[in-house]
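Listed below are the residues making up each chain.
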Amino acid sequence: MSLHISSCFDSGNIEVLDAANPADIRLAIRPDAGGQFLQWFHFRLHGVRGVPLRLVIENAGACSYADGWHGYQCAASYDRADWFRIADTRYDGELLTIEFTPQHDTVWLAYFEPYSQERRLDFLGRCSASPLVQLECIGTSLHGRDLDLLHIGTGPRSVWLQARQHPGESMAEWFMEGFISRLLDPADPVARELRSRACFHLIPNINPDGSALGHLRSNAAGVNLNREWHAPTLERSPEVWHAQRAMKKRGADLFLDIHGDETLPYVFIDGSHMVPGYGARNLELQAAFLANLKRVSPDFQTEHGYSDDRFTDEMMTLCSKWAAATFGCVALTLEMPFKDNANAPDSRTGWNGARSQRLGAAFLNPVLEHLRGLG
């Protein structure tokens, strides 16, 4: 059986430069539309059972976050359900080299465990069958894909969560599945009280085009949605335009934007305390949220994260900062690692979908304490 490499599927991304020799397969990551961003990859190898493979990604050094390759291990799966890390993944400053011998005929490799469009549609179908859920299509993407918004709860407060502005950050959608699943659990007392205190507005994937196309950070037009919140347009960033319209219609008492970080091997939150006018009350509520999250999830920490001056002139183009300024609420950006959580490592899986789901479920507790604090 001859070796074959393909990526013509949902979120697929790789260019094959030379695959004549399994011990020296040369590859390149395809840039997002517009060519500004690249780092996400996802492809399948067939006919490789027992074949020692050496794969070299030749443009790793030219990727958007090349420093993120240091300490990184490639994700792999034989069945697209159980994903593990390939220990022999090395970066020399220019080339990313992956070496292993597959145990089965077919293996999938990816930058991080993917979250597929089919899984999203299945999950949305299950959610919409619940009497607790209202599913709304708030608009469409550049390529005509639905922008789905779930409404859950009957309380007076308004809480917003969204994920995958950056489509390559698939851990964000795993997080959303974990959060929503627990919020809908009829036997969970935390979920019940949350639903009575607030209406939750949840966008599991705000960038379905970029996700399907195998992009790292942009939509179908090559636009980074998390730099569009100051002035989105239907021609350039309809995904943000529709989300803003829905938010302005309902207001926000808490906003959470879910992401992944290529470089830092930690779970952390970037707050909005640097936004002008954030106020002492929001500072207090933000600090309490972080403290409560730290208590319920050992995966979360506050020692490592972004510096306050990371975003300067572009700060108000970011979603969470725009939300904080627009609604006067606590607005937070969660970051999860592409690598592993250095404080709680798992040598087999690294940080993965399941751990992202559990973190999503854990978030219900600090959200409840936050709503109680609002009175």
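Structure shown above.
Residues numbered from 1 in each chain as written. Predicted model: local features only at pLDDT ≥ 70, side-chain atom pairs only at ≥ 80, totals over all residues. Heavy atoms only, no water.

**Considerations on the side chain of Ser141**
In this fold, Ser141 is placed in the loop between β11 (133–140) and β12 (146–152). The residues contacting Ser141, other than those within four sequence positions of it, are Leu147, Pro208, Asp209, Pro238 and Glu239. (Helix = DSSP H or I, 4+ residues; strand = E, 2+ residues; numbered from the N terminus. Contact = heavy atoms within 4.5 Å.)

**Here we look at helix α8 (residues 353–362)**
An α-helical segment advances 3.6 residues per turn. Residues three or four places apart therefore align on the same side. Extensive coverage of α8 is indicated by the burial of eight of its 10 residues. Those residues of α8 that sit buried are Gly353, Arg355, Ser356, Gln357, Leu359, Gly360, Ala361 and Ala362. Contact partners of the buried residues in α8: α1 (117–128), α2 (171–183), α6 (279–296), β17 (330–337) and α9 (364–374). Backbone nitrogen of Ala354 and a side-chain oxygen of the N-cap are separated by 3.5 Å at the start of α8; the cap is Asn352. (Buried < 20%, exposed > 50% of the residue type's maximum accessible area, 1.4 Å probe, protein only. Polar contact = N/O pair within 3.5 Å; in protein donor to acceptor, adjacent residues only side chain to side chain.)

**Details of helix α5 (residues 238–250)**
Over its 13 residues, α5 runs 19 Å from end to end, which matches the ideal 18 Å to within 8%, given 1.5 Å per residue. Of all the residues in α5, the buried ones are Pro238, Glu239, Val240, His242, Ala243, Gln244, Ala246 and Met247. Immediately beyond the C-terminal end of α5, within one or two residues, lies Gly251, with a positive phi of roughly 75 degrees. (Expected span 1.5 Å × (residues − 1).)

**Notes on the sheet that holds strand β10 (residues 106–110)**
Here we have five strands laid out as an open sheet, ordered β1-β4-β10-β6-β7, and antiparallel in their pairing. At either end of the open sheet lies a strand with only one pairing partner, and these are β1 (4–6) and β7 (83–85). Neighbouring strand axes in the sheet, compared pairwise and without regard to direction, differ in orientation by 25 degrees on average. Note that strand β4 (residues 42–46) and β10 share five bridges and pair antiparallel. What sits directly across from Leu45, in β10, is Val107. (Pairing = 2+ DSSP bridges. Axes fitted to C-alpha atoms, helices over the stretch in contact; angles between N-to-C directions.)

**Quick notes on the environment of Thr317**
Position of Thr317 among the secondary structure elements: in the loop between α6 and α7 (319–327). With a relative accessible area of 12%, Thr317 lands in the buried category. Taking the C-alpha atoms as reference points, Thr317 and Leu225, separated by 92 residues in sequence, lie 9.1 Å from one another. The residues touching Thr317, leaving out its near neighbours within four places in the chain, are Asn226, Arg227, Glu228, Trp229 and His230. In this structure the side chain of Thr317 is engaged in a polar contact, spanning 2.5 Å, whose partner is the backbone oxygen of Glu314.

**A word on the packing of α1 against α2**
Across the interface, α1 lies against α2 with an axial gap of 12 Å and an inter-helix angle of 15 degrees. In terms of orientation, α1 lies roughly parallel with respect to α2. Between α1 and α2 the crossing geometry is left-handed. Of the residues in α2, those touching α1 at Arg119, Arg120, Phe123 and Cys127 are Glu173, Trp174, Glu177, Ile180 and Ser181. (Parallel < 35°, antiparallel > 145°, perpendicular 65-115°, else oblique. Left-handed = near helix turned anticlockwise from the far one by under 90°.)

**Looking at empty space enclosed by the protein**
It is the rolling of a water-molecule-sized probe over the atoms that shows where space remains empty. Going through the model one piece at a time under the given rule, you end up with two cavities of 30 Å³ or more. Considered as a void within the structure, the largest cavity measures approximately 40 Å³ in volume. If you trace the largest cavity, you find it lined by Ala75, Trp83, Phe84, Arg85, Phe112, Glu113, Thr349, Trp351 and Asn352. It is β7 that contributes the most residues to the lining of the largest cavity, three residues altogether. Counted by class, the lining of the largest cavity contains five nonpolar, two polar and two charged residues. As a volume, the second largest cavity reaches approximately 30 Å³. Together, Tyr115, Arg120, Phe123, Leu124, Glu173, Met176, Glu177 and Pro204 line the second largest cavity. Of all the elements in the fold, those that place two or more residues in the lining of the second largest cavity are α1 and α2. (1 Å grid on protein atoms, 1.4 Å probe; cavity = no way out; pocket = protein on both sides within 12 Å on 5 of 7 lines; lining within 4 Å. Points joined across faces, edges and corners; volume = space filled by probe spheres on them. Nonpolar A, V, L, I, M, F, W, Y, C, P; charged D, E, K, R; others polar.)

**Here we look at the pattern of salt bridges**
Close approach of charged atoms allows side chains of opposite charge to pair. Counting across every chain of the model gives 25 salt bridges. One salt bridge in this structure joins Glu99 and Arg90, with 2.9 Å as the shortest N-O distance. With a relative accessible area of 27%, Glu99 lands in the partly exposed category. Across the pair Arg372 and Glu369 runs a salt bridge, and its minimum N-O distance is 2.8 Å. (Salt bridge = Lys/Arg side-chain N within 4 Å of Asp/Glu carboxyl O.)

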